[in-house]
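Architecture and fold: a report
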Amino acid sequence: FISMASDWYANQHQTLPAVFTDPSLQTLTDWQDASFRKALYSNYQLGASGGSDKVNYALSGGYTKEAGIINRTGLERYNFHLNVNANVSKRLKAGANILALYSVRQDQPLGGPNNQSDIAGILGEALALPPIVPVYQSNGDYLVIPRDSALVKVFNTQIYNPVNKIDANNEFTKSVRLLGSAFLEYEVIKGLKLRSTLNIGANSERYEQYVAPFVSFRSNDAGNISTPNLSAIRASRFWTSAGSGRF
């Protein structure tokens, strides 16, 4: 990277900035390593079944945890399933089937160009940031090029710190889904059966986002750990729900 920059400045007949010549001003940083991670996946399932000549059942439950390859992303899901069938009498049968799902997904706004002046643009910034500037300053604040008086004269002034954005953004989607069915079956005479079925479904989803005041993007959102900007706080929440039934 330094060699490429040196060639560019030489071809432009310009003086090479000190950040390329003074090792004390350089910190080797793998921005992809700082933003990405090895994602673990775990899945646990437990089931049981039994019954008699009158009633039989099967039930199961599970838990899944899937981490995303971007820091602070992932999915947790719980599921429950129950199936019951009963011979109520010689001619009457009944049954029910229930499925319940609950999930929590944590996201990051990955899209947008590498100069996205918003909370988005994380992937582009992780790929475009120079590998000789650090994630953090010596005082523990995030290093943000547009806020640095020296670096802003050398590098792209529209590229922000993806780690800062990832740490500041808290974005969750919580979902509940229920599916159920039940039936009654009556044998009127041998070979002739009447069957009634009920199917129901419902789902609800809640989205939540909170952006902490230490985020730094755009000229008027210049927060950091030591200098939080309350005007940069962003909070939102909304719900959606739906249901259906069929006889």
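Residues numbered from 1 in each chain as written. Predicted model: local features only at pLDDT ≥ 70, side-chain atom pairs only at ≥ 80, totals over all residues. Heavy atoms only, no water.

1. So, the overall build of the protein
Spelled out, the test is: In this description a helix means any DSSP run of H or I spanning at least four residues, a strand means any run of E spanning at least two, and both kinds are numbered starting from the N terminus. Here the radius of gyration uses the C-alpha set of atoms, whereas the globule reference equals 2.2 Å times the residue count to the power 0.38. Relative accessibility thresholds used throughout: buried, under 20% of the residue-type maximum; exposed, over 50%; partly exposed, between the two (1.4 Å probe, protein chains only). When checking whether two residues touch, look at their non-hydrogen atoms; a contact exists if any pair is within 4.5 Å. Computed with a 1.4 Å probe, the accessible areas rest on the Shrake-Rupley method; for each residue, only the protein chains presented here act as cover.
Within the protein, the regular secondary structure consists of four helices and seven strands. Listing every helix and strand of the protein by position from the N terminus yields α-α-β-β-β-β-α-α-β-β-β. For 247 residues, the compact-globule formula gives about 18 Å, and the C-alpha radius of gyration of the protein, at 29 Å, lies well above that figure. Its C-alpha atoms give the protein principal-axis dimensions of roughly 100 × 35 × 30 Å. Looking at the 247 residues of the protein, the share that counts as buried comes to 31%. Restricting the contact set of the protein to residue pairs at least 6 apart, pairs at least 24 apart contribute 61%. With an accessible surface of roughly 14,700 Å², the protein has 57% of that area assigned to carbon and sulfur atoms.

2. Brief notes about the pairing of strand S5 (residues 169-189)
On a regular strand, one side chain projects to one face of the sheet and the next to the other, so that they alternate. How we decide: One bridge is not enough; two strands pair if DSSP finds at least two bridges between them.
With 15 bridges joining them, strand S4 (residues 92-106) and S5 adopt antiparallel strand pairing. When the bridges of S5 are listed, asparagine 97 appears paired with serine 181. Note: S5 against strand S6 (residues 192-211), 20 bridges, orientation antiparallel. Within S6, the position partnered with serine 181 by the bridge is asparagine 199. In this structure, the hairpin formed by S5 and S6 is closed by a connection of two residues, where glycine 191 is found at a positive phi of approximately 90°.

3. Let's talk about the packing of aromatic side chains
Heads up, the rule is: Here is the rule: rings of Phe, Tyr and Trp (six-membered ring for Trp) pair when centre to centre is within 6.5 Å. Planes less than 30 degrees apart are stacked, more than 60 are edge-to-face, and the remainder are tilted.
Under the defined criterion, the tally for this structure stands at nine aromatic pairs. Ring plane angle 40° and centroid distance 6.1 Å describe the contact between phenylalanine 1 and phenylalanine 20, whose orientation is recorded as tilted. Note that phenylalanine 1 is positioned in the segment before helix H1 (2-11) and phenylalanine 20 in the loop between H1 and helix H2 (31-35), a separation of 19 residues in sequence. Classification of phenylalanine 20 as buried rests on a relative accessible area of 7%. Aromatic side chains tyrosine 9 and phenylalanine 20 sit 5.9 Å apart centroid to centroid with 55° between the ring planes, which places their arrangement in the tilted category. Here tyrosine 9, found in helix H1, pairs with phenylalanine 20, found in the loop between H1 and H2; they are eleven residues apart in sequence, far enough to count as distant. One aromatic cluster is present, formed by Phe1, Trp8, Tyr9, Phe20 and Phe155 through successive ring pairs.

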